[in-house]
Amino acid sequence: MTKAIIGKKIGMTQIFDEATNKVIPLTVVEAGPCVVVQKKTVENDGYSALQLGYGDLREKLANKPMKGHFAKADVAVKRTLKEFRLDNADSVEVGTIVKADTFAVGDIVDVSGTSKGKGFQGTIKKNNNSRLKETHGSGPVHRHAGSMGACSSPSRIYKGKKLPGHMGAEKVTVQNLEIVKIDAENNLIAIKGAIPGPKNGIVTICDCVKKKA
């Protein structure tokens, strides 16, 4: 992995490919500009990585430890911090600006983001369980989770039982996505297909870890 950036999902659009006569769905990401806030080294931290900051934050909204962290790097306070283990981390200095033109059209990338939160959901919506029949005998439990186990033994619910609960709002990574267009002036990257997260959600874009054959 040699390239990475933090961005914000703007929305989706589409373009027409005259070569194949097909419409290509695109997700537009406002990528950067990001700044290198911290540089992790093998000597000091046991591994090599870069910490990038994205999005300005009013200084009064940051606590003292965060203010000190940014002051040490001599950069403005940022809203989002993400760490990336990059092959070329040793050659990049603190304060370096990372922009959308770091990537190129045709690059294959992995995109990570937080999926939409859907609140507390039942087991049918959350786990794709089947409901009971709607004829006689189902009672008021036709959308319930079903049997919880055998009476007195084991007297507990087995780990991994699919139960109702909070759905969504979790980290999702989509791999092997192609960059179709880059607008370096406006820091926009158009990626083929859909990426995780709601509109204006924070996403990270990095070189594909495992490219498909």
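Residues numbered from 1 in each chain as written. Predicted model: local features only at pLDDT ≥ 70, side-chain atom pairs only at ≥ 80, totals over all residues. Heavy atoms only, no water.

### Digging into the overall build of the protein chain
Put simply, the rule is: Secondary structure elements follow DSSP: runs of H or I of four or more residues count as helices, runs of E of two or more count as strands, with numbering from the N terminus. Atoms considered for the radius of gyration are the C-alpha atoms alone. The globule rule reads 2.2 Å times the number of residues to the power 0.38. Only protein chains enter the area calculation, which uses a 1.4 Å probe; residues under 20% of their type maximum are buried, those over 50% are exposed, and those in between are partly exposed. Residue contacts are counted whenever heavy atoms from the two residues lie within 4.5 Å of one another. Per-residue and other accessible areas were derived by the Shrake-Rupley procedure at a 1.4 Å probe size, with only the shown protein chains allowed to occlude residues. When charges are counted, Lys and Arg contribute as positive and Asp and Glu as negative, whereas His and the chain ends are disregarded. To locate a charge, the coordinates of NZ of Lys, CZ of Arg, CG of Asp or CD of Glu are taken.
Check the secondary structure of the protein chain and you find three helices and 12 strands. Its C-alpha radius of gyration of 23 Å places the protein chain more than 25% over the 17 Å reference for a compact globule of 213 residues. The dimensions of the protein chain, computed from C-alpha atoms along their principal axes, are 70 × 55 × 40 Å. In the protein chain, which comprises 213 residues, the share counted as buried stands at 35%. In the protein chain, the share of contacts with a sequence separation of at least 24, taken over all contacts with a separation of at least 6, comes to 71%. Carbon and sulfur atoms make up 50% of the accessible area of the protein chain, which totals about 13,500 Å². In the protein chain, the 34 positive side-chain charges and the 21 negative ones have mean positions that sit 14 Å from each other.

### Overview of the pattern of salt bridges
Here is the rule: For salt bridges, the criterion is a side-chain nitrogen of Lys or Arg within 4 Å of an Asp or Glu carboxyl oxygen.
Here the structure, examined in full by the defined rule, presents four salt bridges. Residue Glu-93 pairs with Lys-39 through a salt bridge whose shortest N-O separation is 3.6 Å. In this pair, Glu-93 sits in the loop between strand 5 (78-84) and strand 6 (97-98) while Lys-39 sits in strand 3 (residues 34-40), placing the two residues 54 residues apart along the sequence. What makes Lys-39 partly exposed here is its relative accessible area of 22%. Among the salt bridges present, the one from Lys-78 reaches Asp-56, with a minimum N-O distance of 2.8 Å. Of this pair, Lys-78 sits in strand 5 while Asp-56 sits in strand 4 (residues 49-56), and the two are 22 residues apart along the sequence. For Lys-78, a relative accessible area of 14% translates into the label buried.

### Points about the nonpolar core
We count it as follows: Side-chain atoms within 4.5 Å are what join buried Ala, Val, Leu, Ile, Met, Phe, Trp, Tyr and Cys residues into a set we call a nonpolar core.
Formed by 27 residues in total, the largest nonpolar core has its most connected members in Val-111, Ile-189, Ile-191 and Ile-205. Breaking this core down by element, the ones donating at least two residues are strand 1 (4-17), strand 2 (22-31), strand 3, strand 4, strand 7 (108-114), strand 10 (171-183), strand 11 (188-192) and strand 12 (202-207). Membership of the second largest hydrophobic core comes to eight residues, among which are Val-37, Leu-57, Phe-70 and Val-75.

### Remarks on the side chain of Thr-123
Inspection of the secondary structure assignment puts Thr-123 in helix 3 (residues 123-127). With a relative accessible area of 0%, Thr-123 lands in the buried category. What Thr-123 contacts, discounting residues up to four positions off in sequence, is Asn-128, Asn-129, Arg-143, His-144, Ala-145, Lys-162, Leu-163 and Pro-164.

Keep in mind these values describe shape, not function.
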